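Working through the structure, step by step
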Amino acid sequence: MRVIAGILALAAAASAMTLNHERIFGDWKRQFGRAYGTTEEETMRFNVFRQNAAKVVAHNSKGLSWTMGLNQFADLTEEEFAAKYIGGFRPSTGPKNYELSHLRAVDLPSSIDWSTKGAVTPIKNQGQCGSCWAFSTTGSTEGISFISTGKLPSLSEQQLVDCSGSYGNQGCNGGLMDNAFQYIIANGGLCSEEAYPYEAQDGTCRSSSCKSVATISGYKDVPQDSDNAMMSAVAQQPVSVAIEADQSSFQFYTGGVLTSNNCGTALDHGVLVVGYGSESGSDFYKVKNSWGASWGLKGYILLGRGSSYNGGKGQCGVLMQPSYPTK
C-alpha cells in the first residue's frame, strides 16, 4: 500500500519532522473512501490522523519485530477505536468442557497453517457491530466442516447475531463462542452466508427461511494457559479464541510477530487461530481477524507464542479461553 510504504520509509530514515501530513492525509482519504460532513469534523480528524501518524513513525523507528501503519482506523482515537470495534466478546464464567486428544510435544508439527490448506474462508468484516464472537464461531465451524467433508462452506454470522440470544448472546452487544456452538447444535446447523447475509446490525431471526449447510455435534474447551494444549488443538483444526485487542498495537498493526507485552488479558475480542509457526526466530500463532483484508497482514495478525507472555496466559490472553467445535 502506497501510504504505508511511505510511512515505513520515513520511519527508517527517522524523519518524522518532515512528514507531509496534509498530502498523506489526502492520499489516505482517497485510498479508504473517507469523506467528512463538515469542515470542523475534517479538521478534527486531520489532527487525530496527524497524532496517529507520529505514533506510527515513532514505533517503526524502534526496529521491533512488528510494524504499524496508517490503515482504515487512522482517523480514530484509541478510545473511539475501542468503542466502535472492540468489546464484542463476553468472557465465560461458567464450567468448562475440557477434553482434548493431546499430541505429545515431540509429535507436534513445527508449523501448520489451515489458511493454506483450504480450511479457512476469505477475510470477513464485522463493521461497527460487536459480533466478533459470531465470526470466530463461524470460522472454527467452517474449518471443522472442511476437515470432515472436504468442502468449505461460508457460514452466516448474521444468523448467530439474530437467533442465538436465548443461549446468552447479545447480538451486536457481544457474545461468547461456546454459547454460539450450543445454538448451532440445537438448531441443527447454520445457513450459508449467501442465504443469510451479514448486515452488521441486530435483526429478527429468520433461520426458517434457509437451509442449514453445516452442523456440529459438540464443542470442547482447550485447557487454559497451556501452549502445548493450544498447539495440539490447532494442529487438528482452527480454534476459536478471545484476546485483548483494545491497544494501538492492534489498531495500527501491519505485519511481523507481535512480541512486545503491550496487550494484556482483559479479553474483549473474539478471533480465530488458524496456525502457528516461527518467523525470524520468533514463534507465533497466526490469527484471523474480522476487520477486513485492509487491516494487518491481509486480515491476519501474528501473535507471539510462548509461556513467557502475561504469566503463561499467552500474548494478549490468547491461551485463556480457547475452544473448538466437534463433528
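Residues numbered from 1 in each chain as written. Predicted model: local features only at pLDDT ≥ 70, side-chain atom pairs only at ≥ 80, totals over all residues. Heavy atoms only, no water.

1. Observations concerning the state of the cysteines
As used in these notes, a disulfide is a covalent bond between sulfur atoms, one from each of two cysteines. The full count for this structure, using the stated rule, is four disulfides. A sulfur-sulfur separation of 2.1 Å characterises the disulfide bridge that pairs cysteine 163 with cysteine 205. Taking the sign of the S-S torsion, 100° for the link of cysteine 163 and cysteine 205, the bridge is right-handed. One end of the pair, cysteine 163, is in helix H6 (residues 157–163); the other, cysteine 205, is in the loop between helix H7 (177–187) and strand E3 (218–221), and 42 residues separate them in sequence. Classification of cysteine 205 as partly exposed rests on a relative accessible area of 37%. For cysteine 132, which is in no disulfide, the shortest distance to another cysteine sulfur is to cysteine 129 and amounts to 9.0 Å. You can call cysteine 132 buried: its relative accessible area is 1%. (Disulfide = S-S within 2.5 Å. Helix = DSSP H or I, 4+ residues; strand = E, 2+ residues; numbered from the N terminus. Buried < 20%, exposed > 50% of the residue type's maximum accessible area, 1.4 Å probe, protein only.)

2. Focus on the layout of surface pockets
In this model, the largest pocket occupies a volume close to 160 Å³. Taken together, Arg34, Ala35, Tyr36, Glu41, Arg45, Gln72, Phe73, Asp75, Leu76, Lys84, Tyr85 and Gln128 make up the lining of the largest pocket. For the lining of the largest pocket, the secondary-structure elements that each account for two or more residues are helix H3 (39–60) and helix H4 (78–85). Residue composition of the lining of the largest pocket, by class: five nonpolar, two polar and five charged. (1 Å grid on protein atoms, 1.4 Å probe; cavity = no way out; pocket = protein on both sides within 12 Å on 5 of 7 lines; lining within 4 Å. Points joined across faces, edges and corners; volume = space filled by probe spheres on them. Nonpolar A, V, L, I, M, F, W, Y, C, P; charged D, E, K, R; others polar.)

3. What about empty space enclosed by the protein?
Using the criterion set out here, one finds two cavities of 30 Å³ or more in the structure. One number sums up the size of the largest cavity: a volume of about 100 Å³. Around the largest cavity, the lining comprises 13 residues; the ones closest to its centre are Phe135, Ser136, Lys288, Asn289 and Ser290. Those elements that provide at least two residues to the lining of the largest cavity are helix H5 (132–149) and strand E6 (269–279). Of the residues belonging to the lining of the largest cavity, the class tally is three nonpolar, seven polar and three charged.

4. Remarks on the environment of arginine 90
Along the chain, arginine 90 turns up in the loop between H4 and strand E2 (112–113). Note on arginine 90: relative accessible area 32%, which makes it partly exposed. For the pair arginine 90 and glycine 174, spaced 84 residues apart in the sequence, the C-alpha separation amounts to 6.0 Å. Those residues in contact with arginine 90 that sit more than four places away from it in its chain are Gln170, Asn173, Gly174, Gly175 and Leu176. (Contact = heavy atoms within 4.5 Å.)

5. What about the pattern of salt bridges?
By the definition in use, this model includes 14 salt bridges. The salt bridge partner of lysine 286 is aspartate 113, with a shortest N-O separation of 2.9 Å. With lysine 286 in strand E7 (residues 282–288) and aspartate 113 in strand E2, the pair connects residues that are 173 residues apart, well separated along the chain. For the pair lysine 286 and aspartate 113, one class covers both residues: buried. One salt bridge in this structure joins aspartate 283 and arginine 305, with 3.7 Å as the shortest N-O distance. (Salt bridge = Lys/Arg side-chain N within 4 Å of Asp/Glu carboxyl O.)

6. What about unusual backbone geometry?
For alanine 200, which is not a glycine, the phi torsion comes out positive at approximately 60°. Mapping alanine 200 onto the fold places it in the loop between H7 and E3. Even without glycine at this site, aspartate 225 takes up a positive phi of about 60°. With respect to the helices and strands, aspartate 225 occurs in the loop between E3 and helix H8 (227–234).

7. Brief notes about the nonpolar core
Membership of the largest hydrophobic core comes to 59 residues, with the highest contact counts inside it found for Phe250, Tyr285, Trp291, Leu303 and Val318. Here this core gathers at least three residues from each of two domains, domain 1 (1–65) and domain 2 (80–326). Contacts of tyrosine 285, omitting those with residues within four sequence positions, involve Asp227, Met230, Met231, Val273, Gly275, Tyr276, Ile301, Leu302, Leu303, Arg305, Val318 and Leu319. The next biggest cluster of nonpolar side chains, apart from the first, holds 25 residues, and it includes Val161, Phe181, Leu190 and Ala214. (Core = buried A, V, L, I, M, F, W, Y, C linked by side-chain atoms within 4.5 Å. Domains from an automatic or database assignment.)

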